[in-house]
Each structure stands twice: as structure tokens, then as C-alpha cells.
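An overview of the molecular structure
Chain residues, written in single-letter form:
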Amino acid sequence: MENLVGIRSEFPILEKKIILSSCSQSAISRKVIEAMDAYKNSLIEEGMSWDVWMEKVNSAKVKFSELINCRPDEVAILSSVSDSISSILHSLDLNMQEVCVTEMDFPCIGHAVLAQKRIQNFKVTFIPSANNVIPLEYYEAIISEKTGLTCIPHVSYYNGFKQDIKEIAKIAHKKGSLLLVDAYQSAGSLEIDVKDMDIDILVTGMQKYLLGVPGISFLYIKKEISEQLSPSTIGWFGQKNPFDFNLKSLELAESTQRFNTGTPPVVNAYIADAALSLINGIGIKAIEHHLYNLSSYTLETATQMGFQIASPLDLQTKGASTAICVKDANRIENLLKEQGIIVSARKDVIRIAPHIYNTKEDIYESLAQLSRLTL
């Protein structure tokens, strides 16, 4: 990118480290640091600024809704994806039905579904993978007319496998199932249009490709679906008039706002607002194009160096992250960290996960160091 030097200068840590860990925690920008300071200063100088704080929460929600092409009232703010998926499951009547979860989902999805199974009587079906991908025909064969909810990752946390959400949505809806998409490994790196993709429910958080920090998540639910649901995991910000302080009345807010719970994570909302401003300012199409080129370069270079790759080799079915097979991956992650190279291990792979601020030189240096340690 022509302005990559300017973008890199926005991330102070790049002056001393190579950050290729956006599948786990991205580098922090000056805008995010300034947002942290702004919240801190509001406490020091004002003591309490609820109007300003709630404006920041709403601003973050609006910016996220712009990113995924939905109405702001179709987005709720919670603390984590685990909170979001649990709240959804508690609100659905799944008795005598089936919930499908893929073998490539992040464990918290399976944990939440299995926990809910102790409360409701439904069948859990795990859609298998084949060579670390899930063929579309598996969805066609396994999702049934009894499936009430199908949970899938947009991009796999393990190896970056990217799914065709629009086609899976067609299959799920043809069978009568709702589709829940975990976009934690895609939001901020790939274009997401929940209306065009026909996604019913989407969950994601900030600290990966959205350039934020842990402690805040966004829950999208299609308006016509959310208004049919009555969450039991609830709080005063999920009420129609929370500042009425009516202890003896339960009047749910409209649309997905009813899934808001207690006081939102205000400092995280400051950070999310700043990070989403940066993402939207650069443009998700520009980010996706840059990461596509880096993904291609990573596959080519890793192959030339003799690495075994766990990620798909077809760029059309691959996200930004590239998984390199190594023995004792956690130890190798720590050894690379000692050399100023930040990557993320999972199971038996090291994940090379660049963002808009990374260069081919970053990737080559990291793969070269990984080669010295493992090959």
C-alpha cells in the first residue's frame, strides 16, 4: 500500500517488535492509546461523566454496525463472545430439536451448547472436518429439518480456513435452521455484509483484527429474529427505559437491544470506538486486499522454506492467518518472542497472522527465524 509507512507509524510497538499475532491480539495504535487516556482523564478530571460514557458506547455500536452493514439497534454490546453465545442459547427454545456445531468452532461455542443441553432437551451434532476444511456438502448432508441452530466459524481459529457464509446460509435456511456465525477471526480482516450473506446471528470481539483489546464483544441479531426472543440473561440496559429504575417491571428493549445486560464496559467502548474509526477510515476492502497479498506471500515463502502448512493452499478458502506445523508450538512461540517476533501458537501450529501494518519483510524475517528454530 502506498501509505503503509504512515499506517505503521500509528503503531508504536512496531519500532521494536514484529507483530504477527492478529489472530490473538493485534498491535495497539496511537488512537487506541489516546482513547485509554481519554477515559482515564474523564475519571481524573470529571469524576463521573455518564452522558459522555454512554455516547462512546453508542458511537462504538454505530461504527460496528456500519462495518457489517446493519442497523445500530440490531447490535448489543456484551463482555465476551462466550457471554453472547450463552445469552442466545438461553433465549432459544431448542427442546426436541438439534444444534449443529462444527469441529472447527472455537471451544467456547461447544462448551456453551453442551452446557445449555443440560437445561434443554436437544441433540448436539458435530459437523466434521476433512483435512482441516469443511466441504459444503457436509452441511447439506448433516443439517436436517430438526436443526434449530447451526453454529459455524467464518474463519477457523486453528488454520485460517475461510467458509462461504452465503452458501451455508442458504443450506441452513432451506432446512429451517438459524445460522450463528463466529466472526472473531474475520471481522476487521474480511468484508462482512450480514444482509447480503443472510446471517441471522453474528458474534465477535475487538482484540484480534479489529485492533482493540479484550473485554468487549458485539452481538448482531437480525431484527425480525431478536424481537421474537426473550433473553433470560438480562440486565437493566436491556430494558426499554432503563433510567426509569422500575424494579417491578420487565419491559424488554426493542430489537437486539434487549440482549444488552448490565453497565457496559465503558473503557473498552472508548477503545473500540477509536479502533473501529481506524478500521473504517482505512477501509475494509483495502485491508482485505493487503492481507490477501500477504497471505499469498506467506504461503509461497513458507512452501519454499520447506514448512508443512496446515492452512488451505487455495487463497479463496483462506483468511489472513497461515498455520505452520511445528513440534512443541508453545515453546517455539516463546523463543520467537525472545527475538522480538510475536506470533500465536495453537495445538501443533504457529499462526502467522498479519494486519494492515505488516510487510513482506516482517513475514520473511519471522519465517526465517522459525526455520532456524525448527527445520
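For the structure, check the block above.
These numbers come from a predicted model, not from an experiment. Residue indices follow the written sequence of each chain, beginning from 1 at its first position. Given that this is a predicted model, residues contribute local features only at a pLDDT of at least 70 and side-chain atom pairs are listed and counted only at 80 or more, while totals for whole chains, interfaces and linings are drawn from all residues. The basis for every side-chain value is the complete set of non-hydrogen atoms in the structure, without hydrogens or water.

1. Regarding the side chain of K162
Short version of the rule: Segments assigned H or I by DSSP are reported as helices when at least four residues long, segments assigned E as strands when at least two residues long, and all are numbered from the N terminus. By the convention used here, residues are in contact when the closest approach between their heavy atoms is within 4.5 Å.
Counting through the fold element by element, K162 comes out in the loop between β5 (147-153) and α7 (165-174). Excluding residues that lie within four positions of it along the chain, K162 makes contacts with H154, V155, L190, L315, Q316, T317, K318 and G319.

2. Here's the deal with unusual backbone geometry
Just so we agree on the cut-off: Between buried and exposed lies partly exposed: a residue is buried under 20% and exposed over 50% of the maximum accessible area for its type, with that area taken using a 1.4 Å probe on protein chains only.
Positive phi outside glycine occurs at N69, with the angle close to 65 degrees. The exposure class of N69 is partly exposed, given its relative accessible area of 39%. With a phi angle near 70 degrees, L211 is a residue other than glycine that sits in the positive phi range. Mapped onto the secondary structure, L211 falls in the loop between β7 (201-205) and β8 (217-221).

3. A short note on the nonpolar core
Note the threshold: Here the nonpolar core consists of buried residues drawn from Ala, Val, Leu, Ile, Met, Phe, Trp, Tyr and Cys, with membership extended through side-chain atoms lying within 4.5 Å.
F64, F218, I324, I350, Y357 and L370 are the most contacted members of the largest nonpolar core, which totals 82 residues. L370 has contacts with F307, I324, V326, I332, L336, I350 and L375, leaving out every residue within four places of it along the chain. Counting 27 residues, the second-largest nonpolar core is a separate cluster that includes L78, I109, V203 and I221.

4. Some details on the packing of helix α12 (residues 329-338) against helix α13 (residues 360-374)
Test applied: To get an axis, fit a line to the C-alpha atoms, keeping to the stretch in contact for a helix; angles then go from 0 to 180 degrees between the N-to-C directions. Here is the rule for angles: anything less than 35 degrees is roughly parallel, anything more than 145 is roughly antiparallel, 65 through 115 is roughly perpendicular, and the remaining ranges are oblique. It is the rotation of the near helix from the far one that decides the hand of a crossing: anticlockwise by less than a right angle makes it left-handed, clockwise makes it right-handed. Nonpolar residues are Ala, Val, Leu, Ile, Met, Phe, Trp, Tyr, Cys and Pro. Charged residues are Asp, Glu, Lys and Arg, and all others, Gly as well, are polar.
Where α12 meets α13, the closest approach of the two axes is 11 Å, and the angle between their N-to-C directions is 125 degrees. The orientation of α12 with respect to α13, classified from their angle, is oblique. In this structure, α12 meets α13 at a crossing whose hand is right-handed. Facing I332, L335 and L336 of α12, the residues of α13 in contact are Q369, L370, L373 and T374. Across the contact of α12 with α13, the residue classes break down as five nonpolar, two polar and no charged.

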